[in-house]
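Examining the three-dimensional arrangement
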Amino acid sequence: MSSYDAMHRLEAKRVVEERLIVEDEVRYMAYSLDVRAKKVNCFAAYKVAEILEGQLSAPEPDTSVSSLAYLLGQVSIDDDFYGLVMRFKEWVTKPSAPLSEDQICSQFRDFVLYVMSILKELRSEWFDNSQCRLLLPYSGSGGFWPKDSAARYELNQALVLRPWGVEIGNGVDDPLYTDMLAIVQIMSADTQSSSDLDGSDEESYSPLKTAQMRLVQSNPCLYENQHNRMVTWGLTVCESLVRIYHFGPDCILSSEDMDMTTAVGRYRFIDWLAALSLGDEDRRGFMPSLTFVGEPSPGYWVLRTPKLDDNGDETGEDAVFYSRQPSVRAFGNFSCHTRGFHVSASLETVDTPDLFVKVGWSKPIERMAGSTDTPQNPELEYLKRIKKEYEKSGDASIHVPLLVAGGVMTTRANGAPVQMTTDPIYGTKIIERLAVIDDEAQAAAGGSKPPQ
């Protein structure tokens, strides 16, 4: 193992131990958590789970599912669906012998394909198909290395975003970080010991901890390749136990174990899949103010940010900028996820940019300290102060930065505008717990500021 790999494994171990919070409600954490949409998504998940439980208990293909609610219409259950259930039945019904890692990978894949197939069969005028996305797994059963990152981490599964109208098939043959919703790390009981994973002794080994470390190591590749990603999702699968992770700018929230050999565990996982498939881009973790337009090739990024007047104050309107690619990419699990774009105010001049836009999280320190003030963009305030001080000096040789746009962006939740800080994701309870973690870390470090 190289010193570089060893360093990153130790860092992943530290993150898992210090910045992971187990929170049962993590599967509902998202920006645009619209109550009406949540009810529809949960109902869809319930219907998928109901069909699955009927097929798991049926000795023959069940083609008489008559209890489907009128809201979602009828679902045609044929032999193909039943055959797909048989392909993952061993994973969800307590196998007589432990499954290998490859077997878990393939049966996880078939379970997700089944859920997506049923969701596509559901019909409802409430669903906005333009927002819906299929979550398709890797089609293979062994390890693979995404080709769009220099960080060569081996993955054994992933959930890839695809348009709603594409054929589901057997999944995605060659997943790229650019298209992934979530990385999935799978471990079996007979996976190699920890001696070559993190340098620890055999007694401290656990499949869950090793899977978490691998997830933490590989997750920054999503930020590196998805330039409008605010937060990310991840999964670990250890035997029949599934956990969902929400990577925010401050910590990682983890769900409790979802036991796929129980009806409750299967429903909870289906519930999450339905919420992320039928929900919108905010829920999946993408910035509403930063979008990519693919046509005409090679495509371009559209950035929206609050417009400023000559005094550096927001005008209430948005300024729009265009860029081919970021000049600075994000890489890392925490902090501001800073990205930099050379931009132009006109699409016609996108290839000759004359402005620079920095994109990053607004620091949530004031919120964590209990402040109820409107979150501010501290860098914007610093630039405004510098500009005013230099203008006072009257020195013509000093070039004062020109501020044309900037501020804290907003999204919508339950029909109302919400500022894009950690509050809509974590809520007061989680933020209070984060503050306690930071206090404990600071005390352990002898009063120094904990790493972010």
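This text follows the structure it describes.
This text gives an overview of the structure that appears in the document. Keep in mind that what you see is a predicted model, and the values were worked out from it rather than measured.

Conventions and cut-offs
Residues numbered from 1 in each chain as written. Predicted model: local features only at pLDDT ≥ 70, side-chain atom pairs only at ≥ 80, totals over all residues. Heavy atoms only, no water. Salt bridge = Lys/Arg side-chain N within 4 Å of Asp/Glu carboxyl O. Helix = DSSP H or I, 4+ residues; strand = E, 2+ residues; numbered from the N terminus. Buried < 20%, exposed > 50% of the residue type's maximum accessible area, 1.4 Å probe, protein only. Contact = heavy atoms within 4.5 Å. Pairing = 2+ DSSP bridges. Axes fitted to C-alpha atoms, helices over the stretch in contact; angles between N-to-C directions. Parallel < 35°, antiparallel > 145°, perpendicular 65-115°, else oblique. Left-handed = near helix turned anticlockwise from the far one by under 90°. Polar contact = N/O pair within 3.5 Å; in protein donor to acceptor, adjacent residues only side chain to side chain.

For the rest of this paragraph, the subject is the pattern of salt bridges. Here the structure, examined in full by the defined rule, presents nine salt bridges. Between Arg-243 and Asp-257 there is a salt bridge, and its shortest N-O distance comes to 2.7 Å. With Arg-243 in strand 6 (residues 241–247) and Asp-257 in the loop between strand 7 (252–254) and strand 8 (258–259), the pair connects residues that are 14 residues apart, well separated along the chain. What makes Arg-243 buried here is its relative accessible area of 12%. Taking the relative accessible area as the measure of exposure, Asp-257 reaches 33% and is therefore partly exposed. Asp-351 serves as the salt-bridge partner of Arg-324, at 2.8 Å between the closest nitrogen and oxygen. Residue Arg-324 is found in the loop between strand 11 (314–323) and strand 12 (326–328), and its partner Asp-351 is found in the loop between strand 13 (339–343) and strand 14 (355–359); the two are separated by 27 residues along the sequence. Overall, the relative accessible area of 27% leaves Arg-324 in the partly exposed class. Owing to a relative accessible area of 54%, Asp-351 belongs among the exposed residues under this scheme.

Mapped onto the elements of the fold, Ala-49 is located in helix 2 (residues 35–57). Distance in space between the C-alpha atoms of Ala-49 and Arg-266 is 7.3 Å, their sequence separation being 217 residues. Residues in contact with Ala-49, not counting those within four places in the same chain, are Tyr-267 and Ile-270.

Here we take up the pairing of strand 6. When a strand is regular, its side chains alternate between the sheet's two faces. Most of strand 6 sits out of view: six of its seven residues are buried. In this sheet, strand 6 lies alongside strand 5 (residues 232–238) in antiparallel orientation, the contact comprising seven bridges. The residue of strand 6 that forms the bridge with Thr-236 is Arg-243. Between the end of strand 5 and the start of strand 6, which pair antiparallel, lie two residues, with Glu-239 showing a positive phi angle near 55°. In this sheet, strand 8 lies alongside strand 6 in antiparallel orientation, the contact comprising two bridges. Among the inter-strand pairings, Leu-241 is bridged to a residue of strand 8, identified as Asp-259. Where strand 6 lies against strand 7, three bridges are found, and the strand directions are antiparallel. Bridge pairing in strand 7 links Phe-247 to Ile-252. Hairpin remark: strand 6 followed by strand 7, antiparallel, with four residues in the connecting loop.

Direction vectors running N to C along helix 4 (residues 101–121) and helix 7 (residues 263–278) enclose 55°, while the axes themselves pass 11 Å from each other. Put simply, helix 4 runs oblique to helix 7. Considering the relative orientation of helix 4 and helix 7, their crossing is right-handed. Contacts between helix 4 and helix 7 involve Phe-108, Phe-111, Val-112, Val-115, Met-116 and Leu-119 on the former and, on the latter, Phe-269, Ile-270, Leu-273, Ala-274, Ser-277 and Leu-278.

This part is about the pairing of strand 11. Of the pairings in the sheet, the one linking strand 10 (residues 300–308) to strand 11 comprises seven bridges and is antiparallel in character. Directly across from Leu-308, in strand 11, lies its bridge partner Glu-314. As consecutive antiparallel partners, strand 10 and strand 11 are separated by five residues, and within that stretch Gly-312 has a phi angle of approximately 85°, a positive value.

One polar contact links Arg-243 to Ser-254, side chain to side chain, over a distance of 3.4 Å. When near neighbours in sequence (up to four residues on either side) are disregarded, Arg-243 contacts Val-22, Leu-208, Gln-212, Gly-234, Leu-235, Thr-236, Ser-254, Ser-255, Glu-256, Asp-257 and Met-258.

Our focus in this paragraph is unusual backbone geometry. For the peptide bond that leads from Glu-295 to Pro-296, omega is -5°, which places it in the cis range. Along the chain, Pro-296 falls in the loop between strand 9 (290–293) and strand 10. Note that the residue after Ser-297, namely Pro-298, is joined by a cis bond; omega there is 10°. Note that Pro-298 resides in the loop between strand 9 and strand 10. With phi around 55°, Glu-239 is a residue other than glycine that occupies positive phi space. Inspection of the secondary structure puts Glu-239 in the loop between strand 5 and strand 6.

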